[in-house]
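# A look at the structure
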Amino acid sequence: MGIVKEVGSEVSRLKVGDRVVVPFIVGCGHCRNCESGYSAFCTEVNPGFAGGAYGYVAMGPYMGGQAEYLRVPFAFFNALSLPPGNANETDFALLADISRRGGTASA
Ligand SMILES: [Zn+2]
C-alpha cells in the first residue's frame, strides 16, 4: 500500500496523492489472460514464462515490492485505487496478496 508520488506520461487514471494498493503479481492488463481475469498468468510481463511478480526468482525483472518507493509497471492495471482517508487500511492491505481486479477472492 502507498501513496502515489509520481505518475508516468501514459497514466491517466491515477494522480499524485492517490492511495493505492499494489498486488505482488504483475500483469499487463491487455493480454488474453489478463482480460480473462487470470493476470497471474500474464503472457506479456515476463517473456518465456506465464506470469510475473515482485521479488520472485524467474518471475521477471521486478525487484521486491516491500520498499519505501516502488515503480509500478503497467500502473493503470496494477495499482488499485483506494478511497480517500485512512479507514480500513488493514482490510485493503489484504488485496495486495490475494486479489486482483476481477479476481476471485471474496471477503
Ligand atoms: Zn497480461
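The residue numbering used here restarts from 1 in each chain and proceeds along that chain's sequence as written. Given that this is a predicted model, residues contribute local features only at a pLDDT of at least 70 and side-chain atom pairs are listed and counted only at 80 or more, while totals for whole chains, interfaces and linings are drawn from all residues. Side-chain metrics rest on all non-hydrogen atoms present in the structure, leaving aside hydrogens and water.

### Thoughts on the coordination of the zinc ion
Counted as donors are N, O and S atoms no farther than 2.8 Å from the metal, or 3.2 Å for Na, K and Ca; water is not among the atoms, and sites may therefore look incomplete. In the first shell of the zinc ion, the protein supplies Cys28 (SG), Cys31 (SG), Cys34 (SG) and Cys42 (SG), at 2.3 to 2.4 Å from the metal. Positions of the donor residues of the zinc ion along the chain correspond to the pattern C-x2-C-x2-C-x7-C. You can see Cys28 sitting in the loop between strand E3 (25–26) and helix H1 (32–35) and its partner Cys42 sitting in the loop between H1 and strand E4 (52–53), a full 14 residues away along the chain. Numbering of helices and strands starts at the N terminus; helices are DSSP runs of H or I of at least 4 residues and strands are runs of E of at least 2.

### What about the packing of aromatic side chains?
Two aromatic rings from Phe, Tyr or Trp, using only the six-membered ring of Trp, form a pair when their centres are within 6.5 Å; if the ring planes differ by under 30 degrees the pair is stacked, by over 60 it is edge-to-face, and anything between is tilted. Enumeration over the complete set of coordinates arrives at two aromatic pairs. Taken together, a centroid distance of 5.8 Å and an interplanar angle of 40° make the contact between Phe24 and Tyr56 tilted. Of this pair, Phe24 sits in the loop between strand E2 (19–21) and E3 while Tyr56 sits in the loop between E4 and helix H2 (75–78), and the two are 32 residues apart along the sequence. Between buried and exposed lies partly exposed: a residue is buried under 20% and exposed over 50% of the maximum accessible area for its type, with that area taken using a 1.4 Å probe on protein chains only. Note on Phe24: relative accessible area 26%, which makes it partly exposed.

### With respect to the confidence of the model for the chain
The share of residues in the chain with pLDDT of 70 or more is 88%, and the mean pLDDT across the chain is 84. Confidence of the predictor in every single residue is expressed as pLDDT, which spans 0 to 100. Taking the mean pLDDT of every element in the chain, the minimum, 63, falls on helix H4 (residues 95–98) and the maximum, 95, on H1. Ignoring residues within four places in sequence, the model shows residues 99–107, a span with pLDDT below 50, making 13 contacts including any to other chains. By definition in these notes, contact holds between two residues if any of their heavy atoms fall within 4.5 Å.

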